[in-house]
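# Residue-level structure breakdown
Each chain is listed here by its residues.
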Amino acid sequence: MSRVEPRERLRQPPVEGVEGAGFLLKLMHALHRYGTPSHLLENGMTELAGLLGLEGRFFSLPTGVFASIETPGDPASRQVEI
């Protein structure tokens, strides 16, 4: 599968940290329940976090998913297990 390069950031300002992080967590949970393969889930969520102006790291297992999301100006990461 070819990838379109370069990807541009969204043209609107980044989503507020908590709101954007909450959206990412809900989407990740839904995609995991749907059965999205781990490599697609992790890569897609990482790319989406970047487009939203957030720093995200994601790890998926068959029994759950883990996320670490950092917001701009807030160096503390929030780690979540779903």
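Structural data are supplied above this passage.
Conventions and cut-offs
- Residues numbered from 1 in each chain as written.
- Predicted model: local features only at pLDDT ≥ 70, side-chain atom pairs only at ≥ 80, totals over all residues.
- Heavy atoms only, no water.
- Helix = DSSP H or I, 4+ residues; strand = E, 2+ residues; numbered from the N terminus.
- Buried < 20%, exposed > 50% of the residue type's maximum accessible area, 1.4 Å probe, protein only.
- Contact = heavy atoms within 4.5 Å.
- Pairing = 2+ DSSP bridges.
- Phe/Tyr/Trp six-rings, centres within 6.5 Å; stacked < 30°, edge-to-face > 60°.
- Patch = residues over 30% accessible without salt bridge, like charges linked within 9 Å, V, L, I, M, F, W, Y side chains within 5 Å.
- Areas by Shrake-Rupley, 256 points an atom, 1.4 Å probe, with all protein chains shown as cover.
- Salt bridge = Lys/Arg side-chain N within 4 Å of Asp/Glu carboxyl O.

For the rest of this paragraph, the subject is the side chain of histidine 32. Within the secondary structure layout, histidine 32 lies in helix α1 (residues 17-34). By relative accessible area, which is 17% here, histidine 32 ends up buried. Excluding its chain neighbours within four sequence positions, the residues that come into contact with histidine 32 are Leu41, Ser60, Leu61, Pro62, Thr63, Gly64 and Val65.

Our next topic: the pairing of strand β2 (residues 64-71). β2 sits mainly inside the fold: 6 of its 8 residues count as buried. What sits between strand β1 (residues 55-61) and β2 in their antiparallel hairpin is a turn of 2 residues.

Only one face of β1 is buried: it carries Gly56, Phe58 and Ser60, and the other face, with Glu55, Arg57, Phe59 and Leu61, is open. The pairing of β1 with β2 spans 7 bridges and is classified as antiparallel. In the strand pairing of β2, leucine 61 is matched with glycine 64.

Inspection of every chain in the model, using the stated rule, returns 1 aromatic pair. Aromatic pair phenylalanine 59 and phenylalanine 66: ring centres 6.2 Å apart, planes at 35°, arrangement tilted.

Among the surface-exposed residues, Phe59, Leu61 and Phe66 lie close enough to one another that they form a single nonpolar patch of about 250 Å² accessible area. Looking at the secondary structure, you find phenylalanine 59 in strand β1.

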